[in-house]
Amino acid sequence: AQALDQISTWIEQSARQYVSICTVHTIMECRQSEEVRRAVNQAGLATPDGMPLVWLGRLKSKHAVTRVYGPDLMLALCELSAQRGYRHFFYGGAAGVEELLAQRLQARFPGLQVAGTYAPPYRPAAYEEASQAIDLINQAKPDIIWVGLGTPKQDLWMAAHRHRLTAPVLIAVGAAFDFHAGRIPQAPQWMQRSGLEWFFRLLHEPRRLWYRYLVYNPLFILLTLVQSLGLKKFSLE
């Protein structure tokens, strides 16, 4: 609810912000790259998507931290947008996925306004986006640009192009494109709540996700333990 309120406020104020949906993978990429760390730390809103981040948030703070799951945030914003007339642009995903995603969301939320879609060809995260693509998005006049390029590429893309895009809000949601387009199955709710979604996804995409879950996850646990024992402090810089 807090994320929805903040994003709605930015749209009404015509602000220019972006949202990073953070998982353990995001945090580990931030550890590896100063550029990624800067991009995430400069986001107007960074939300805890992974359950380990939610648990740590509750443990280390006095706030009632809850999960802001990218796919759920997309559905909630689409439902709200159908009422308020917010316009959406879907940028990213494999060829054809973004169009299928838009069609399925419009069928699910009658009245949802889709300003446009675009699936860019594969290229490095540091690629300077062609002016034609930026112009295409700006001419569509969306209120929200959904970016589905995968972590950390999507965070770097938002940080690099935020100043050129006129839409009030950019949101990086990773696999939400594939989930809601029906291309990849989502983990059952009980696995999501218990922090086992990673295992479900690993079983379905082992070749692509093995490093993320079998290397990054144990390393994250180790670093968390080191910090909790006071053996090392981590800076935001």
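Residues numbered from 1 in each chain as written. Predicted model: local features only at pLDDT ≥ 70, side-chain atom pairs only at ≥ 80, totals over all residues. Heavy atoms only, no water.

Peer 1: Quick rundown of the sheet that holds strand β4 (residues 113-118)? Include the residues and the values.
Peer 2: On the basis of which strands lie adjacent, the open sheet formed by six strands has the order β2-β1-β6-β5-β3-β4 and parallel pairing. Edge positions in the open sheet fall to β2 (45-48) and β4, since each of these has one partner strand only. Direction aside, neighbouring strands of the sheet carry axes that sit 20° apart on average. Here strand β3 (residues 87-92) runs beside strand β5 (residues 144-148); their pairing, made up of five bridges, is parallel. Residue Tyr91 lies in a different strand from β5, and its bridge partner there is Val147. (Pairing = 2+ DSSP bridges. Helix = DSSP H or I, 4+ residues; strand = E, 2+ residues; numbered from the N terminus. Axes fitted to C-alpha atoms, helices over the stretch in contact; angles between N-to-C directions.)

Peer 1: Which residues make up the packing of aromatic side chains, and what values do they have?
Peer 2: Within this structure, the stated rule accounts for seven aromatic pairs. When the centroid spacing of 5.5 Å and the interplanar angle of 70° are considered together, the rings of Tyr211 and Tyr216 count as edge-to-face. Members of the aromatic cluster, joined through ring pairs, are Tyr91, Tyr118 and Trp157. For Arg212, the ring lying beneath its charged end belongs to Tyr213, and the centroid distance is 5.8 Å. (Phe/Tyr/Trp six-rings, centres within 6.5 Å; stacked < 30°, edge-to-face > 60°. Lys NZ or Arg CZ within 6 Å of the ring centre and 35° of its normal.)

Peer 1: Can you break down the layout of surface pockets residue by residue, with the values?
Peer 2: Of the volumes computed, that of the second largest pocket is approximately 960 Å³. Around the second largest pocket, the lining comprises 24 residues; the ones closest to its centre are Ile27, Leu53, Leu56, Phe220 and Leu236. Elements with a minimum of two residues in the lining of the second largest pocket: α2 (24-32), α3 (34-41), β2, α4 (51-60) and α12 (206-228). Residue composition of the lining of the second largest pocket, by class: 14 nonpolar, seven polar and three charged. (1 Å grid on protein atoms, 1.4 Å probe; cavity = no way out; pocket = protein on both sides within 12 Å on 5 of 7 lines; lining within 4 Å. Points joined across faces, edges and corners; volume = space filled by probe spheres on them. Nonpolar A, V, L, I, M, F, W, Y, C, P; charged D, E, K, R; others polar.)

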